[in-house]
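A structural walkthrough
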Amino acid sequence: MAAALNKPRTLFEKVWDQHVVLQEPESPAVLYIDLHLVHEVTSPQAFTGLRQRGLKVRRPDRTVATMDHSTPTTPLSVPIADALAAAQLDFMKKNAEEFGIRLYERGSAQQGIVHVIGPELGLTQPGMTIVCGDSHTSTHGAFGALAFGIGTSEVEHVLASQCLLQYKPKTMAITVYGRLGPGVSAKDIILAVIAKIGVGGGTGYVFEYRGEAIRALSMEERMTICNMSIEGGARAGMVAPDDKTFEYVAGREYAPKGAAWDKALAYWKTLPTDEGATYDAEIVIDASSLEPMITYGTNPGMGISITSPVPDPAQVSDPLEKLALEKALAYMDIEPGKPLLGHKVDVVFLGSCTNSRISDLRLAASLIKGKRVADSVRMLVVPGSQQVKRQAEAEGLDVIFREAGAEWREAGCSMCIAMNGDQLEPGQYAVSTSNRNFEGRQGKGGRTFLASPLTAVAAAVSGTVTDVRTLLTENIAIN
Amino acid sequence: MAQFTTLTARAMPLLVNDIDTDQIIPARFLKVTDKNGLGKVLFCDWRYQETIPSVDAAEGATPRADFVLNTPTYAGAKILLAGDNFGCGSSREHAPWALTAYGFQAVISTSFADIFRNNSLKNGLLPIVVDAETHATLIDLLEEVPDAELTIDLESQSLTLPGGQSITFPIDAFARNCLLRGVDQLGYLLTFEEQIKAYEEVQHV
């Protein structure tokens, strides 16, 4: 490690080097994990594994659990209808109690989606290594942390040892310059990135998002971008910490305080990539050229500008790529060669670890205020956490959404994962602010168009896929 | 941990690119608290005519004749020949649990998603990466001889076709050794307790 210190390093390399406990030859590094986030779906078998081996959780103080995936978003007064989900939540509670882990259970004032509450509670901090049995752990990279998803075996490894066996990934710079136009947001940037590189384009890499358009984003917008790194195949995506990062973290419940804050801040300021450091790959995007994005197919890489035509399989030469496009269009029942504009929409979902934070809800509310959700549309608004929900209610956003005809629900993953009661009916079309449009992801036979919160609201009020820029007025200050 | 040394078996072609873990096992089956019995719901929504709400409900469901898993030609296959970027999407280890419970011991593709690959290696499911040319050769082979048997030898990192043609596949030395010897990775990690403790002391974590 010491030898590497003289050479200019990237943000990723600095965080990686800082956490290597040891590196045996021809073996993965033993990487120390600062924060382990846990939820009910990918942890049960890991806790069972610990019991079978007679092991404890090595650092319960660095382990935090919540309930989000199979957790219903119906009112707390309504009993959980699904016996399996109820049993899974009970098991999470039992495991947390038995192993001494802090748990924000259903009904807790801090409960919420794991990738919303980590930053919100100040648990997520620059320079940390953060893991969770969830691929959207990449979200936390917005703070300059190295954060990635792991499987249940690895959850068990971290619970028992606070370490993981990892090979050092390659780095890819994603440089976004220029300024976003009106109605174009962070979600559109990341959908454009994934459309450009494809869902496997980032495999083996950690992304670093950089450039003036990334600097201009708020912390919550940066989280939206890092969140979907995995949809481009990268396990992690990072943004160098800056004053916005430090302001966001300061004063939060688990943020360092007093002298510890000063010390942490001094370290965090050393993290940005050194001048002269190199990446293994780089892509460049001009933010000013972006339009609102929407997906038309069955993976997040199948995205287009809202005014662009859906690609035609007849123009694809690779046989498997052609087959994939044909299969996707058949599942979606979409015609190639024309834009999705005007396509009917049955459900609009505003939520998920991608877009359920207070700034997402504020932006959506500012556009929907005084309008009505179309009669043919069901709109669900699902705050990412109980804290987001309370804040939104304090600002009257819930009233705006309800008066528009939308449902205002409890915090959780909801319709992003369709394992908690919130799901599409077969054949329904949804515009969703979530992160995955895989076949059946939002319910068997359901069809998902991924888009930004603004594009989601535009679809809700018009009942069809709509270019949000046509709804912007002087009264709505967006970008 | 599950071991892998050699395997001679038939292969099933599932030639779709970017097969995500939601197709391998839909999220509604992730409410289980153990690892067992997920083979019944492998590729569930491509496999059955009905909507299967829970793992238990898959018993007696009607197979879709047009899905390769239900084709008698490939019954008993232990190798899956898949399209590019297999296993993308979520981190659910239920995906390799479902594949191995069904009977697959190896997947061949031109690439794998990182988390899926990691999860597979911990469950004795061997992800074999081949180049596009080899991939095409295997597709042609299974088209001409659907019951062709392939032989995988992990020690020599070789994949041998019925005609004797042999291809070397890449795998890192550590993963190879773990699979060959059935190394318990957590057990291995825990041997570094002293170093982990020292790291914590030095770093004040």
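You'll find the structure just up there.
Per chain, the residues get numbers from 1 upward, laid out in the order the sequence is written. Throughout, the order in which chains and ligands are written sets their labels, letters from A for the former and numbers from 1 for the latter. For this predicted model, a pLDDT threshold of at least 70 governs which residues receive local features, and a threshold of 80 or more governs which side-chain atom pairs are given and counted, while totals over whole chains, interfaces and linings are taken from all residues. As a convention, hydrogens and water are excluded, and side-chain values are obtained from all of the structure's heavy atoms.

Re the overall build of chain A
Note the threshold: Segments assigned H or I by DSSP are reported as helices when at least four residues long, segments assigned E as strands when at least two residues long, and all are numbered from the N terminus. Relative accessibility thresholds used throughout: buried, under 20% of the residue-type maximum; exposed, over 50%; partly exposed, between the two (1.4 Å probe, protein chains only). Between two residues, a contact is recorded if the distance between any of their heavy atoms is within 4.5 Å. Residue-level accessible areas treat just the shown protein chains as cover; the underlying method is Shrake-Rupley with a 1.4 Å probe. In this charge count, Lys and Arg are treated as positive and Asp and Glu as negative; neither His nor the chain ends contribute. To locate a charge, take atom NZ for lysine, CZ for arginine, CG for aspartate or CD for glutamate.
The number of helices and strands found in chain A is 15 helices and 19 strands. Over its C-alpha atoms, taken along the principal directions, chain A stretches across nearly 60 × 55 × 45 Å. Classification of the 479 residues of chain A by burial places 66% in the buried group. Sequence separation of 24 or more characterises 76% of the internal contacts of chain A that already satisfy a separation of 6 or more. Carbon together with sulfur atoms contributes 51% to the accessible area of chain A, which is approximately 16000 Å² in total. Between the centroid of the 46 positive side chains of chain A and the centroid of its 54 negative side chains there is a distance of 3 Å.

Some details on the overall build of chain B
Spelled out, the test is: Each radius of gyration is computed over the set of C-alpha atoms, and the globule rule expresses the reference value as 2.2 Å times the number of residues to the power 0.38.
Along chain B, the regular secondary structure elements total eight helices and seven strands. In terms of overall size, chain B behaves like a compact globule, its C-alpha atoms giving a radius of gyration of 18 Å where 205 residues would be expected to give roughly 17 Å. Overall, the C-alpha framework of chain B stretches about 60 × 45 × 25 Å when taken along its three principal axes. By the burial criterion, 58% of the 205 residues in chain B qualify as buried. Taking the intrachain contacts of chain B between residues at least 6 apart in sequence as the baseline, contacts between residues at least 24 apart amount to 62%. For chain B, the exposed surface amounts to about 7900 Å²; the carbon and sulfur share of it is 48%.

A few points about the pairing of strand β6 (residues 129–132) of chain A
Residue and element names in this part refer to chain A. Put simply, the test is: Note: two strands are recorded as paired if DSSP finds a minimum of 2 bridges between them.
Residues Thr129 and Val131 line one face of β6 and the alternating positions Ile130 and Cys132 line the opposite face, and both faces are buried. Here three bridges tie strand β3 (residues 35–38) to β6, and the two strands are oriented parallel to one another. Counterpart to Leu35 in the pairing with β6 is Ile130. Where β6 and strand β7 (residues 146–149) come together, four bridges link them in parallel fashion. Bridged to Thr129 within β7 is Leu146.

Considerations on the interface of chain A and chain B
Our working definition: As a working definition, buried area equals the accessible area (1.4 Å probe) given up by two parts on being put together, with both sides summed. Salt bridges are defined by distance alone: a side-chain nitrogen of Lys or Arg within 4 Å of a carboxyl oxygen of Asp or Glu. Throughout this description, a polar contact denotes any pair of N or O atoms lying within 3.5 Å of each other; where both atoms belong to protein, one of them has to be capable of donating a hydrogen while the other can accept it, and for residues adjacent in sequence the pair is counted only when both atoms sit in side chains. Just so you know the grouping, Ala, Val, Leu, Ile, Met, Phe, Trp, Tyr, Cys and Pro go in nonpolar, Asp, Glu, Lys and Arg go in charged, and all remaining residues, Gly too, go in polar.
Tallying the contact residues gives 65 residues for chain A and 56 residues for chain B. Taking both partners together, chain A and chain B bury about 5000 Å²; carbon and sulfur atoms supply 59% of that area. On the surface where chain A and chain B come into contact, there are seven salt bridges. Here A:Arg58 ties to B:Glu193 by a salt bridge, and the two come within 2.9 Å at their closest N and O atoms. Connecting chain A to chain B are 24 residue pairs in polar contact (both at pLDDT 80 or more). Looking at the side of chain A that touches chain B, its residues break down into 26 nonpolar, 21 polar and 18 charged.

So, the nonpolar core
Here is the rule: In this text, buried Ala, Val, Leu, Ile, Met, Phe, Trp, Tyr and Cys residues form a nonpolar core when linked through side-chain atoms within 4.5 Å.
Counting residues in hydrophobic clusters, the biggest one holds 95 residues, and the most contacted among them are A:Met379, A:Phe401, B:Phe43, B:Phe86 and B:Leu99. Not counting chain neighbours up to four residues away, the residues in contact with A:Phe401 comprise A:Leu350, A:Leu361, A:Ala364, A:Ala365, A:Ile368, A:Val381, A:Ala406 and A:Trp408. Judged by nonpolar contacts, the second largest core, of 79 residues, contains A:Leu146, A:Phe148, A:Ile225 and A:Ile285.

Focus on the side chain of A:His136
Among the structural elements, A:His136 can be located in the loop between β6 and β7. A polar contact is formed between the side chain of A:His136 and the side chain of A:Glu231, at a distance of 2.5 Å.

Brief notes about the pattern of salt bridges
All names here are of chain A. Across all of its chains, the model carries 37 salt bridges over all chains by this definition. Among the salt bridges present, the one from Glu98 reaches Lys94, with a minimum N-O distance of 3.4 Å. With Glu98 and Lys94 both in helix α3 (residues 83–99) and four residues apart, this pair spans about one turn of that helix. Of the charged contacts in the structure, one is a salt bridge between Asp467 and Arg469, with a shortest N-O distance of 2.8 Å.

Observations regarding helix α1 (residues 11–19) of chain A
Taken across its nine residues, α1(A) has eight buried, putting it largely inside the fold. Every buried residue of α1(A) is accounted for by A:Leu11, A:Phe12, A:Glu13, A:Lys14, A:Val15, A:Trp16, A:Asp17 and A:His19.

Some thoughts on α3(A)
For an α-helix, 3.6 residues make a turn, and residues three or four places apart therefore share a direction. All names here are of chain A. For the record, the criterion: Multiplying one less than the number of residues by 1.5 Å gives the expected span of a helix. It is the directions from the helix axis to the C-beta atoms that the arc portrays.
Between its first and last C-alpha atoms α3 spans 24 Å; for 17 residues at 1.5 Å apiece the expected length is 24 Å, and the two agree. Residues of α3 that are buried include every one of Ala85, Gln88, Leu89, Phe91, Met92, Asn95, Ala96 and Phe99, and no others. The buried residues of α3 occupy one face: seen down the axis, they fall within an arc of 155°. Exposed positions of α3 whose direction lies more than 90 degrees from the buried face are Ala83, Asp90 and Glu97. The inward-facing, buried residues of α3 abut β3, α2 (44–53), β4 (63–66) and β5 (102–104). Residue Asp82 occupies the N-cap position of α3, its side-chain oxygen lying 2.9 Å from the main-chain nitrogen of Leu84.

Describing the side chain of A:Thr124
All names here are of chain A. Relative to the helices and strands, Thr124 resides in the loop between α4 (114–120) and β6. Separated by 2.9 Å, the side chains of Thr124 and His140 make a polar contact. Contact partners of Thr124, with chain neighbours within four places excluded, come to Leu35, Gly118, Pro119, Ile130, His140, Phe143 and Val249.

A look at the sheet that holds strand β16 (residues 378–381) of chain A
Residue and element names in this part refer to chain A. Strands sit in the order β17-β16-β15-β18-β19 across an open sheet of five strands; the sheet is parallel. Each edge of the open sheet is held by one strand with a lone partner, namely β17 (407–408) and β19 (447–450). Judged from the three bridges that link them, strand β15 (residues 347–350) and strand β18 (residues 429–432) form a sheet pairing that is parallel. Paired with Phe349 across the bridge in β18 is Ser432.

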